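Residues per chain, in single letters:
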Amino acid sequence: FFFNATATTEIYTRSIVGSVRCVQETGINAEYMGIYLRQKEMTKGTTSQGERRKKNATFCRRCGKISYHKQRKRCSSCGYPEAHLRRYNWAKKAVRRRTTGTGRMRYLKDIPRKLKNGFKEFSQAKRVKQRGKGKSKPEVKAVSYTHLRAHETREDLVCRLLLEKKKK
C-alpha cells in the first residue's frame, strides 16, 4: 500500500512507516499487526531541532559574513547589493564596528600628510636631512669629570653639594 505524507500521525513498525489514513484505507487492524500509532509532537524545542538541515544564507561578497539570503538575494548585515551600507543608529555597537578607522583607510590615511604640504600636486617632496651620517641618534661622547665641573653653574653647584651631604 502507498503512504500519505500529509498526515499528522506517524506509524512505527519494524519495517513500515506510514500514516493512519493509509492503514484505515486498507482495512488493516493496526494493533493486531503490531503497528504503534504516535501523535506527532507540536513543539519548538528539541524535537524540531533535528529538522534544521537546509541553509538559507551564504557568504556575502561585500562583508564576508554568512548573511546573504539566497532567495531574497540580499545581505542582512550590510545590505548588499544596495549601493549604500546598511546602518541603523539603534545598533550602536554595529556602527562602531564598521566606522571610519576600522579598515585600511586607503585614501584617508594620506590626507594629514597632504594637508601639511598644502595639497601640492605634481611636485617632489623636500627631503628631510638626517642627523649624523645616516644614523637616527647623535653620538654621545664621554666627558671627564673636571670638564663637567668647569661648566657648572651656581645652581648646579648647590644641588651637587646637597646631594653629597645626603650620601654621607
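Residues numbered from 1 in each chain as written. Predicted model: local features only at pLDDT ≥ 70, side-chain atom pairs only at ≥ 80, totals over all residues. Heavy atoms only, no water.

Describing the overall build of the protein
Part 1 of the argument: Regarding its fold elements, the protein presents 6 helices and 6 strands.
Part 2 of the argument: For the protein, the sequential pattern of α-helices and β-strands runs β-β-α-β-α-β-β-β-α-α-α-α.
Part 3 of the argument: Per-residue burial over the protein gives 12% buried out of 168 residues.
Part 4 of the argument: Within the protein, counting contacts between residues at least 6 apart in sequence, those at least 24 apart form 15% of the total.
Part 5 of the argument: When the accessible surface of the protein is totalled, it reaches about 16,500 Å², and 54% of it is carbon and sulfur. (Helix = DSSP H or I, 4+ residues; strand = E, 2+ residues; numbered from the N terminus. Buried < 20%, exposed > 50% of the residue type's maximum accessible area, 1.4 Å probe, protein only. Contact = heavy atoms within 4.5 Å. Areas by Shrake-Rupley, 256 points an atom, 1.4 Å probe, with all protein chains shown as cover.)

Looking at the confidence of the model for the protein
Low pLDDT marks stretches whose predicted atomic positions should not be read closely.
Part 1 of the argument: Confidence in the prediction for the protein averages 76 pLDDT; 58% of positions are at 70 or higher.
Part 2 of the argument: For the protein, per-element mean pLDDT is lowest for strand β1 (residues 9–12), which scores 48, and highest for strand β6 (residues 74–75), which scores 98.
Part 3 of the argument: The low-confidence segment residues 5–17, where pLDDT is below 50, has 32 contacts with residues more than four positions distant or belonging to other chains. (pLDDT = per-residue confidence, 0-100.)

Notes on the layout of surface pockets
Part 1 of the argument: In this structure, the largest pocket encloses a volume near 360 Å³.
Part 2 of the argument: Taken together, R113, K114, K116, N117, F119, K120, S123, Q124, A125, K126 and V128 make up the full set of residues lining the largest pocket.
Part 3 of the argument: Its residues assigned to classes, the lining of the largest pocket shows 3 nonpolar, 3 polar and 5 charged. (1 Å grid on protein atoms, 1.4 Å probe; cavity = no way out; pocket = protein on both sides within 12 Å on 5 of 7 lines; lining within 4 Å. Points joined across faces, edges and corners; volume = space filled by probe spheres on them. Nonpolar A, V, L, I, M, F, W, Y, C, P; charged D, E, K, R; others polar.)

Side note on the side chain of S77
Part 1 of the argument: Among the secondary structure elements, S77 is positioned in the loop between β6 and α3 (92–97).
Part 2 of the argument: Since its relative accessible area comes to 11%, S77 is described here as buried.
Part 3 of the argument: Among the polar contacts made by the side chain of S77, one reaches the side chain of K65 at a distance of 3.3 Å.
Part 4 of the argument: Dropping the residues within four chain positions of it, S77 is found in contact with C63, K65, S67, R86 and R98. (Polar contact = N/O pair within 3.5 Å; in protein donor to acceptor, adjacent residues only side chain to side chain.)

Examining a nonpolar patch on the surface
Part 1 of the argument: A contiguous nonpolar surface patch, about 300 Å² in accessible area, is contributed by M105, Y107 and L108.
Part 2 of the argument: Counting through the fold element by element, M105 comes out in the loop between α3 and α4 (111–116). (Patch = residues over 30% accessible without salt bridge, like charges linked within 9 Å, V, L, I, M, F, W, Y side chains within 5 Å. Salt bridge = Lys/Arg side-chain N within 4 Å of Asp/Glu carboxyl O.)

Things to note about the packing of aromatic side chains
Part 1 of the argument: Counted under the stated rule, the structure contains 2 aromatic pairs.
Part 2 of the argument: On the basis of an interplanar angle of 55 degrees and a centroid distance of 6.1 Å, the ring pair of Y68 and Y80 is categorised as tilted. Within this pair, whereas Y68 is found in strand β5 (residues 66–69), its partner Y80 is found in the loop between β6 and α3, the two being separated by 12 residues in sequence.
Part 3 of the argument: For Y80, a relative accessible area of 23% corresponds to the partly exposed category.
Part 4 of the argument: With a centroid separation of 5.4 Å and 15 degrees between ring planes, the pair formed by Y88 and W90 is classed as stacked. (Phe/Tyr/Trp six-rings, centres within 6.5 Å; stacked < 30°, edge-to-face > 60°.)

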